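Examination of the molecular architecture
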Amino acid sequence: MGTTLPKLFVAALVLLHAGLLVWALMGFAEWFCLDVPWPHVANPLFPHGVLLAHWTSVLLTAALFLGGLTLRWPATPSAVACGYAAMATVCLIETTTYLVHDTRWLAMGLEYAAYIGIGSFLFRSAWAQAHFSSGTGITG
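These figures come from a predicted structure and were not determined experimentally. Here, residues in each chain are numbered from 1, in the same order as that chain's written sequence. Given that this is a predicted model, residues contribute local features only at a pLDDT of at least 70 and side-chain atom pairs are listed and counted only at 80 or more, while totals for whole chains, interfaces and linings are drawn from all residues. To obtain the side-chain values, all non-hydrogen atoms of the structure were used and water was disregarded.

What about the overall build of the protein chain?
Counting from the N terminus, the helices are DSSP H or I runs at least four residues long and the strands are E runs at least two residues long. Secondary structure assignment for the protein chain yields five helices and zero strands. Secondary structure elements of the protein chain occur, N-terminal to C-terminal, as α-α-α-α-α. Dimensions of the protein chain along its principal axes, counting C-alpha atoms only, are 45 × 30 × 25 Å. Out of the 140 residues in the protein chain, the part that is buried amounts to 36%. Of all intrachain contacts in the protein chain linking residues separated by at least 6 positions in sequence, the fraction that spans at least 24 positions is 66%. In this scheme, a residue with accessible area under 20% of its type's maximum is buried, one over 50% is exposed, and one in between is partly exposed, where area comes from a 1.4 Å probe on protein chains only. Residue contacts follow a heavy-atom distance rule, with two residues in contact if any of their heavy atoms lie within 4.5 Å.

This is the structure in structure tokens:
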């Protein structure tokens, strides 16, 4: 059970970040060409520039996590933390400037809690320390 729980958590993180990557790609497709064959995923309340920051931060963070995990890149935890910081900044701007629904603060708090939880796992868990210390030689 000791190694199973971290592996299940990592599997969930892979699914989460793969979903974020697909979501960001769909968002960029909308951003570049508004005529897409699926229901829009971008919030219509956000201006074009905010959406650029939004989709860029999500795309890069998801790619850094998935690529870093696959390559066992030692700098993955730090790179993902920087990506989460960018995503948190965009979330703060969106929440304080554009969103109006009653649960916006709860949503922001849950998002921030997820970043802290995932970051704690990447920096502090024995699994992550072992995984990222046995990298492929890519220096970070």
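Describing the layout of surface pockets
Approximately 430 Å³ is the volume attributed to the largest pocket. What lines the largest pocket is a set of 28 residues, and nearest its centre among them are W23, H54, C91, E111 and Y115. Put simply, the parts of the chain that give the lining of the largest pocket at least two residues each are α1 (4-32), α2 (48-71), α3 (76-98) and α4 (104-124). The element contributing the most residues to the lining of the largest pocket is α4, with seven residues. For this scheme, ten residues count as nonpolar: Ala, Val, Leu, Ile, Met, Phe, Trp, Tyr, Cys and Pro. Four count as charged, namely Asp, Glu, Lys and Arg, and the remainder, Gly too, count as polar. Within the lining of the largest pocket, the residues separate by chemical class into 19 nonpolar, six polar and three charged. Buriedness for pockets is judged along seven lines, at least five of which must meet protein on both sides within 12 Å for an open set on the 1 Å grid over protein atoms alone, while cavities are sets there where a 1.4 Å probe fits but cannot get out, and lining residues have an atom within 4 Å of a point. Grid points are joined across faces, edges and corners, and a volume is the space filled by probe spheres set on the points.

Focus: α3
For α3, built from 23 residues, the straight-helix expectation of 33 Å at 1.5 Å per residue is met to within 8% by its first-to-last C-alpha distance of 32 Å. Buried residues in α3 make contact with α1, α2, α4 and α5 (126-133). Under the convention used throughout, the expected extent of a helix is 1.5 Å for every residue step, that is, one less than its residue count.

A few points about the nonpolar core
One finds L51, W55, F65, Y84 and L122 to be the most contacted residues of the largest nonpolar core, which totals 27 residues. Within the residue set of this core, elements represented by two or more residues are α1, α2, α3, α4 and α5. Tallying contributions element by element places α2 first for this core, with eight residues. The criterion is simple. A nonpolar core is a set of buried Ala, Val, Leu, Ile, Met, Phe, Trp, Tyr and Cys residues joined through side-chain atoms within 4.5 Å.

Some words on the packing of aromatic side chains
Two measures describe an aromatic ring pair: the distance that separates the ring centres and the angle between the ring planes. Aromatic rings from Phe, Tyr and Trp, taking only the six-membered ring of Trp, are treated as a pair when their centres fall within 6.5 Å; an angle between ring planes under 30 degrees marks them as stacked, one over 60 as edge-to-face, and anything in between as tilted. Considering all chains together, one arrives at nine aromatic pairs under this definition. When the ring of F28 is compared with that of F32, the centres are 5.9 Å apart and the planes differ by 25°; the resulting orientation is stacked. You can see F28 and its partner F32 sitting in helix α1, four residues apart, about one turn around the helix. Accessibility expressed as a relative area gives 65% for F32, which makes it exposed. Seen from their ring centres, Y84 and Y115 are 4.7 Å apart, and the 15° between their planes marks the pair as stacked. With a gap of 31 residues between them, Y84 in helix α3 and Y115 in helix α4 connect regions that are remote in the sequence. Residue Y84 is classed as buried on the basis of its relative accessible area, which comes to 5%. Accessibility expressed as a relative area gives 12% for Y115, which makes it buried. Here a set of aromatic residues connected by ring pairs shows up, and it is made of F9, F121 and W127.

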